[in-house]
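Tertiary structure, described
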Amino acid sequence: MRILPVHQGTPEWHAARAKHYRTASRAPVVMRESKYQSYNELLYEIYTGISKEVSAGTQATFDVGHAVEEPARKIVEGYLKFPLLPITCLTDDEYLLASFDGVNEEHRVGWECKQWNEALAAQVRAKVLYPYYFWQLEAQAAVGDLEYIIFTCSDGTPEKSVH
């Protein structure tokens, strides 16, 4: 695994994603389990280089999700007793790319955080995730050669954080 010197959301990160289009977040689309993009839309995006414009509402949802990551990371780090580093990585052959919400320093444990909602929290409690989430985690595990990934649904508070 090769760590890229980019931070999620920056122009450099977007450029890396444009160059390496086989990303963990696109794995659900490839597996035809995405609720946000069809397989044909992904093929069009890759072929033309034209991405669907993100609406203001969707961007606001992304922004809230990113805002809860830091406090949620601190909660999980408190349980684990070690830090989780947000990094973007490529497989050694540069075939797959993943942006991790967190990985431990030994690169054995991953962490993925999603914004709190009751339906997703119920899935986490039942330990059964929709395939949409499963395929992203599988791709992250492949990129990082991780032993396991902690999946968190959180609003950034301990009261609304499930793992």
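A few points on the structure. (Residues numbered from 1 in each chain as written. Predicted model: local features only at pLDDT ≥ 70, side-chain atom pairs only at ≥ 80, totals over all residues. Heavy atoms only, no water.)

**Points about the overall build of the protein chain**
Each helix and strand in the protein chain was counted, giving six helices and six strands. Radius of gyration (C-alpha) of the protein chain: 15 Å, near the 15 Å computed for a compact globule of 163 residues. Dimensions of the protein chain, computed from the C-alpha atoms along their principal axes, are close to 45 × 35 × 25 Å. For the protein chain, with 163 residues in total, the buried portion stands at 40%. Considering only residue pairs separated by 6 or more positions, the protein chain has 62% of its internal contacts joining residues 24 or more positions apart. (Helix = DSSP H or I, 4+ residues; strand = E, 2+ residues; numbered from the N terminus. Rg over C-alpha atoms; globule rule 2.2 N^0.38 Å. Buried < 20%, exposed > 50% of the residue type's maximum accessible area, 1.4 Å probe, protein only. Contact = heavy atoms within 4.5 Å.)

**Considering the sheet that holds strand β4 (residues 109-115)**
Read from one edge to the other, the open sheet built from six strands follows the order β1-β2-β3-β4-β5-β6, with strand pairing classed as mixed. The sheet terminates laterally at β1 (2-4) and β6 (161-162), the two strands that pair on one side only. Both strand β3 (residues 97-103) and β4 contribute to a ladder of two bridges, which runs antiparallel. Residue pairing in the sheet places Val103 in a bridge with Gly110 of β4. (Pairing = 2+ DSSP bridges.)

**Considering the pairing of strand β2 (residues 85-90)**
Sheet topology note: the β1/β2 ladder contains three bridges and is antiparallel. In the strand pairing of β2, Leu4 is matched with Thr88. Pairing analysis gives five bridges linking β2 to β3, with the strands arranged antiparallel. Paired with Leu85 across the strands is Val103, a residue of β3. Hairpin connection of β2 to β3: six residues between the antiparallel strands, including Glu94 at a positive phi of 65 degrees.

**Comments concerning the environment of Ala98**
Position of Ala98 among the secondary structure elements: in strand β3. As a C-alpha pair, Ala98 and Pro86 span twelve residues in sequence and 11 Å in three-dimensional space. Other than its neighbours up to four places away in sequence, Ala98 contacts Ala24, Ile87, Thr88, Cys89, Gln140 and Val143.

**Points about the pattern of salt bridges**
Within the structure shown, the criterion is met by seven salt bridges. Of the charged contacts in the structure, one is a salt bridge between Lys74 and Glu77, with a shortest N-O distance of 3.7 Å. One end of the pair, Lys74, and the other, Glu77, are both in helix α4 (residues 56-80), three residues apart, so they sit about a helical turn from each other. Salt bridges here are not isolated pairs; linked through shared partners, they connect Glu70, Arg73, Lys74 and Glu77. (Salt bridge = Lys/Arg side-chain N within 4 Å of Asp/Glu carboxyl O.)

**Things to note about the side chain of Ser99**
On the secondary structure map, Ser99 appears in strand β3. Looking at Ser99, its side chain comes within polar contact range of the side chain of Trp13, at 2.6 Å. In this view, Ser99 contacts Gln8, Trp13, Ile87, Thr88 and Gln140; residues no more than four positions away in its chain are not counted. (Polar contact = N/O pair within 3.5 Å; in protein donor to acceptor, adjacent residues only side chain to side chain.)

**Focus: α4**
With 25 residues, α4 should reach 36 Å at 1.5 Å per residue; the first-to-last C-alpha distance of 36 Å fits that figure. Where α4 bends most, the angle comes to about 30 degrees, and this point is Glu70, followed within four residues by the proline Pro71. Buried residues of α4: Gly65, Val68, Glu69, Ala72, Arg73, Ile75, Val76 and Glu77, and no others. For α4, the secondary structure elements touched by its buried residues are β2, β3, β4, β5 (148-154) and β6. Looking at the residues trailing α4, positive phi occurs at Lys81, about 70 degrees. (Expected span 1.5 Å × (residues − 1). Bend = angle between axes of the 7 residues up to and from the residue.)

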